[in-house]
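Architecture and fold: a report
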Amino acid sequence: MPGRVVEIMAEGGSTMGDEPTWGELVGIFVLMASVPVVVGGALICSVVGLTVWVSSAVRRRRAATGVRGGRRT
């Protein structure tokens, strides 16, 4: 088998695949760029959602106890 590799290389063949086309390069770039966008977007949505959820719970609790701006009404 090692003789076959030397024979292919002697014929001018490459052991690597063909170079990617522009379309393949753009596709790879888009795929690589989409991963941080998706992860970052999910993280931002989670933080915003949790913030809204916590603040609404605090508002409900304050409304139930009658506290406004740190003072009872």
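This one's a predicted model, so the numbers in the text were calculated from it and none came from an experiment.

Along the protein chain, the regular secondary structure elements total two helices and two strands. Helices (α) and strands (β) of the protein chain occur, in sequence order from the N terminus, as α-α-β-β. In the structure as shown, the protein chain presents an accessible area of about 6800 Å², 69% of it carried by carbon and sulfur atoms.

Here we come to a nonpolar patch on the surface. On the surface, Leu50, Trp53, Val54 and Val58 cluster together to form a nonpolar patch covering roughly 390 Å² of accessible area. In this structure valine 58 comes out as partly exposed when scored by relative accessible area, which is 30%.

So, about the side chain of serine 56. By the element assignment, serine 56 lies in helix H2 (residues 22-65). Only 2.8 Å separates the side chain of serine 56 from the backbone oxygen of tryptophan 53, close enough to count as a polar contact.

Let us now look at the confidence of the model for the protein chain. Looking at the protein chain, the pLDDT average stands at 80 and 68% of residues meet or exceed 70. No element of the protein chain has a lower mean pLDDT than helix H1 (residues 2-10), which averages 54, and none a higher one than H2, which averages 92.

The rules behind these values
Residues numbered from 1 in each chain as written. Predicted model: local features only at pLDDT ≥ 70, side-chain atom pairs only at ≥ 80, totals over all residues. Heavy atoms only, no water. Helix = DSSP H or I, 4+ residues; strand = E, 2+ residues; numbered from the N terminus. Areas by Shrake-Rupley, 256 points an atom, 1.4 Å probe, with all protein chains shown as cover. Patch = residues over 30% accessible without salt bridge, like charges linked within 9 Å, V, L, I, M, F, W, Y side chains within 5 Å. Salt bridge = Lys/Arg side-chain N within 4 Å of Asp/Glu carboxyl O. Buried < 20%, exposed > 50% of the residue type's maximum accessible area, 1.4 Å probe, protein only. Polar contact = N/O pair within 3.5 Å; in protein donor to acceptor, adjacent residues only side chain to side chain. pLDDT = per-residue confidence, 0-100.

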